[in-house]
Amino acid sequence: MSAASGDTLDPVRRSRLPWAAAARRSPLLTVGAVLGLVIVVMGLLAPWITPHPQDAGFATHPADILLGPSRSHLLGTDSVGRDILTRVVYGARVSLGITAFVLVVSAVVGLAVGLTAGFVGGVVDSILMRITDVFLAFPALLLAVALTSVLSPSALHAAMAIAATWWPWYARLARAQAAAIRHQGYSDAARVIGASRTRQVLRHVLPNAATPVFVQMSLDAAGIILTAATLSYLGLGAQDPTPEWGLMVSQGQSLATTAWWVVTFPGLAVLLTAVACNFIGDGLQTALDPKRGRR
Amino acid sequence: MARYLLSRALQALAVVFGVIALTFVIARLIPGDPAVAYAGPKATPAEIQAARVRFGLDQPAWRQFLDYVGGILRGDWGTSLHTKSPVLDDLLRVVPTTLVLVVCALVVAVGVGVPLGVFAARSSGRLGDLLAKIFSILAVSMPVFWMAILLQLVFFSHLGWLPAAGQYNQSLDSTSPLFTVVHIPVVDALLTGNWPVFLSAAQHMVLPVITIAAFPLGACAMVTRAAILDNLGEEHIRMVRALGFRERSVLGRFAMRPSLNPILALVALVFAYSLTNSFIVESVFDWPGLGSYAIDSIQSLDIPSILGVTLFVALVYVFLNLAVDIAQALIDPRVRS
Amino acid sequence: MIRVRDLRVSYGGRVVAHVPELDLPARTVVGIAGESGSGKSQTALALMGLSEYAGARVTGSIALDGEELTTKSPSEWRRIRGRRMGMIMQSPRAALNPTMRLGAVFSRTLKLHGVGGGERASRMRSALDEVVLSPDILQRYPHQVSGGQAQRFAIALVSALRPDVIIADEPTSALDVTVQAEVIEVLRGLRDKHGTALLFISHDLAVISELADSVTVMRQGEVVESGPAGEVLRAPREPYTQALLAAVPVIGRSAS
């Protein structure tokens, strides 16, 4: 780029943009944010807005088995007569809970490892990054299988397995940021005035690493939701009667030809949630990185 | 160049060692005694002890680890509990069948995704770009298991256009018997010129390939678009425009070449991802490859097989990354120095 | 040769460069001076028909030998760019594709402009001779050559097509002083030998004073002063030009 001369390509200065400007640049950001908000709010308000809250648990209604979508059951009922709309809405709680858990755990672990590697450098850096590579090479699905055979299959253990394969991405990202910042000499001034290393990391390196990490988190949320759903679909995550979307699809799979709604709507919920996260992540990236977003 | 490659190869080796060590740790953590599992439920204590000695379980942990590493290097990946045959033999048998699916899917993904990304970059900021982006995001957001089931539901159950499961229509065996060459029907049919079976096999591949291709296709399109846009702002692009090159070669050659590295890196990444995705796809479409083997192993809690599959996928990932590093060094001379 | 009247370059309605009048006859060097953001580079892009790729809109008139350029279609522009008008960039190495050998870029360019396979090697060699480069450089990648070599290569590449006009946008700003002198010498040689008209853009009046026959000074998108180089540099009327001149070291001024 010709930032040095400054007057060549893009005379309209663009730095950090306020939300409104970001939304204008990327219509998908708005769509994603609205969709994401709707899903979160629906999950939070599930007990009050769902027509049959008791169906989120062990309820059975032998009279209502496999009813197609109708006015009383907008998305139909499953093989034991539970209202699918209710279960899909409750499912948002499970998926978002797992996602939040994985994001927090892997961001914290990844940042700690990556910042240490990038900031200390040398042998420590090499060793930490090789360990990171090892975990990166492990397929999440198979690590989850191993973990659930040590422990028992549950939503929490699935989330732990996903976190175990997800933190390396944050470690790499944070390391790159820390190393770049270290070399740029951002914190040289701080070193001169005698600030301690910890203080440097907290005050100078961490805030600079936070922006790309945040973009990464929103894009990752989509991947985590998909992986979590896949694990439950395989029976390695949440167990019945938890209203987990992937589990619901697997429960409906054998009935798909006669009762399409049982598999269709929970899967659609996974798709829409993943799309919302990706829209938000992509929009943020466009807004924060003018180079990518430019015409 | 040679030094760079050597250091990358050593790094890869270290990671391979780490991966093996991690599978070993997982194997030790798993509750239950493998000797009991091997000897069977009715075994006497003496038989269990014999099995224990046989597997070296009476040795100290470090000794067991060395034996484990040595075994893996020699090709002894343990014995599958559900097939009762050596895990490595099982893997070598099922992997080619899966590779047919995954490679076809990646060819589709790159063949459609890269041009889509070029198109998006070209119409950047306009409607075409937005539509391409929505399509790509939908593709990467698809839950694989759900997409597989829905495709089956629509194209088999409702429309009846495509078969639901299997590798080919086995009723063709009576009219045009298939000679096995490499034990992959679609390849065997092609090699022996058995067109009825080849056609059937190709039809059976359409839905699984589309399902596996979805994610890499969307990812390819987005990475290609971003890489090209990154380059379009560069001075060397303005230079070739100023030299009079047409926009097609500006994008397709001069902006594309420096963009190949991120695309290559992505392909390596999604290859490993697609292997794990094939687990789901194969079980839905009843395709007898690595995925079905993995699912069978998972359902019968067959730890040696699960670890074998894990190790295999991890090794593929490590070696692909190494291959990409080498390829990138060849494409972009800046990487070497 | 080139005749510009009432040229305006704008981004989303905001005018970033306005040039009421600019003439560039054959065998002359016209300098455009100004700080960054003065609109001089935007003017250069507009003259090459490259503004729209940066998202800008161009109005007014640019004529090349009496032929109006602002109304040209992309395919008509392609027959003008390279062949009749060439451009040299500020950062010489960034202006060359990092993944291609210099020779590959050069021979593709010659091929594009209809130079046959047999003739290409000799054309490349003679163009490199003029800028005092050895043909070995064709085997190298941009990151393997120095900034001065890369800039001389770019000049060889552009001048091998024998354009009537070369627009040089800050061609020496990224180079150190001794290398600057070499590049200026090469450009002077082009004008003397082939009669190429040169539009020389720089923030550095000292460099402009070495070559230019006339000077246009721009500030914040507007032309503040223009005239024969001797007059403008010796007796600047505008305070802005005076300030620019004051920033020039004394050695530079004595060169004019």
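What you see is a predicted model; the values in this text were computed from it and never measured.

Examining the overall build of chain C
Looking only at helices and strands, chain C has 10 helices and 10 strands in total. Projected onto the principal axes, the alpha-carbon positions of chain C cover approximately 55 × 45 × 30 Å. Within the span of chain C, comprising 256 residues, buried residues form 48% of the whole. Across chain C, contacts joining residues at least 24 apart in sequence account for 67% of those joining residues at least 6 apart.

A look at helix α6 (residues 127-141) of chain B
In a regular helix each residue adds 1.5 Å, so 15 residues correspond to 21 Å; α6 of chain B covers 21 Å between its end C-alpha atoms and thus fits that length. Within the span of α6 of chain B, buried status applies to Ala 132, Lys 133, Ser 136, Ile 137, Ala 139, Val 140 and Ser 141 of chain B.

A few points about the interface of chain B and chain A
With 45 residues of chain B in contact, the opposing surface of chain A contributes 42 residues. Only α1 (2-29), α6, α7 (144-158), α10 (195-232), α13 (260-285) and α15 (303-331) of chain B provide two or more residues apiece to the side of chain B that touches chain A. Considering only residue class, the side of chain B that touches chain A consists of 33 nonpolar, nine polar and three charged.

Quick notes on the pairing of strand β7 (residues 165-169) of chain C
All names here are of chain C. Counting buried residues in β7 gives five out of five residues, a clear majority hidden from the surface. The two faces of β7 match: Val 165, Ile 167 and Asp 169 on one face and Ile 166 and Ala 168 on the other face are all buried. In terms of strand pairing, β7 meets strand β8 (residues 197-202) through five bridges, oriented parallel. Bridged to Ile 167 within β8 is Leu 199.

Quick notes on helix α5 (residues 87-122) of chain B
In a regular helix each residue adds 1.5 Å, so 36 residues correspond to 52 Å; α5 of chain B covers 49 Å between its end C-alpha atoms and thus fits that length. Remark: the principal bend of α5 of chain B, roughly 30°, maps to Val 95 of chain B, with a proline, Pro 96 of chain B, within the next four residues.

With respect to the confidence of the model for chain C
Residue and element names in this part refer to chain C. Confidence along chain C averages 87 in pLDDT terms, with 96% of residues attaining 70 or more. Counting contacts from residues 251-256, a segment whose pLDDT is below 50, to residues more than four positions away or on other chains yields 10 contacts. Scored by ipTM, the complex comes to 0.89, with pTM at 0.80.

With respect to the packing of α7 of chain B against α13 of chain B
Residues and elements named next belong to chain B. For the pair α7 and α13, interaxial distance at closest approach is 9 Å and the crossing angle is 30°. The angle between the axes of α7 and α13 places the two elements in the roughly parallel class. In this structure, α7 crosses over α13, and the sense of that crossing is right-handed. Within the contact between the two elements, α7 uses Val 144, Phe 145, Ala 148, Ile 149 and Gln 152 and α13 uses Asn 277, Ile 280, Val 281, Val 284 and Phe 285. A class-by-class count of the residues in the contact of α7 with α13 yields eight nonpolar, two polar and no charged.

Brief notes about unusual backbone geometry
In this chain, Asp 240 of chain A is followed by Pro 241 of chain A through a cis amide linkage whose omega measures 10°. With phi around 50°, Asp 6 of chain C is a residue other than glycine that occupies positive phi space. Notably, Glu 170 of chain C is not glycine yet its phi reads approximately 50°, a positive angle. Within the secondary structure layout, Glu 170 of chain C lies in the loop between β7 and α6 (177-194).

With respect to the environment of His 203 of chain C
Residue and element names in this part refer to chain C. Tracing the backbone through its elements, the reader meets His 203 in the loop between β8 and α7 (205-211). On the basis of neighbour count, His 203 is assigned to the partly exposed category, with 19 C-beta atoms found within 10 Å. Along the backbone, His 203 and Ile 32 are 171 residues apart, and their C-alpha atoms lie at a distance of 8.1 Å. If sequence neighbours within four positions are ignored, His 203 has contacts with Ala 33, Gly 34, Glu 35, Ser 36 and Ser 173.

Conventions and cut-offs
Throughout this description, residue numbers start from 1 for each chain and increase along the sequence as written. Chain labels run from A onward and ligand labels from 1 onward, assigned in the order the entries are written. pLDDT decides what is reported in this predicted model: residues at 70 or higher carry local features, side-chain atom pairs at 80 or more are listed and counted, and totals for whole chains, interfaces and linings draw on all residues regardless. What counts as a helix is a DSSP run of H or I of at least four residues, what counts as a strand is a run of E of at least two, and both are numbered from the N terminus. Between the buried cut of 20 or more and the exposed cut of 12 or fewer other C-beta atoms within 10 Å of a residue's own C-beta lies the partly exposed class, and all C-beta atoms are placed from the backbone. Once C-beta atoms have been placed from the backbone, residue pairs whose C-beta atoms lie within 7 Å are recorded as contacts. Expected helix span is given by 1.5 Å per residue-to-residue step, counting one fewer step than there are residues. Amino acids are sorted into nonpolar (Ala, Val, Leu, Ile, Met, Phe, Trp, Tyr, Cys and Pro), charged (Asp, Glu, Lys and Arg) and polar (every other residue, Gly among them). At least two bridges found by DSSP between two strands is the condition for calling them paired. Two axes are fitted around each residue, one to the seven residues ending there and one to the seven starting there, and the angle between them is reported as the bend at that residue. The quantity called pLDDT is the predictor's confidence in a given residue, expressed from 0 to 100. Whenever a helix is involved, its axis is fitted only over the stretch in contact; in every case the axis is a line through C-alpha atoms, and angles between N-to-C directions fall within 0 to 180 degrees. Just so you know how the angles are binned, under 35 degrees is roughly parallel, over 145 roughly antiparallel, 65 to 115 roughly perpendicular, and the rest oblique. Crossing handedness: left-handed means the near helix sits turned counterclockwise from the far one by under a right angle, and right-handed means the same turn made clockwise.

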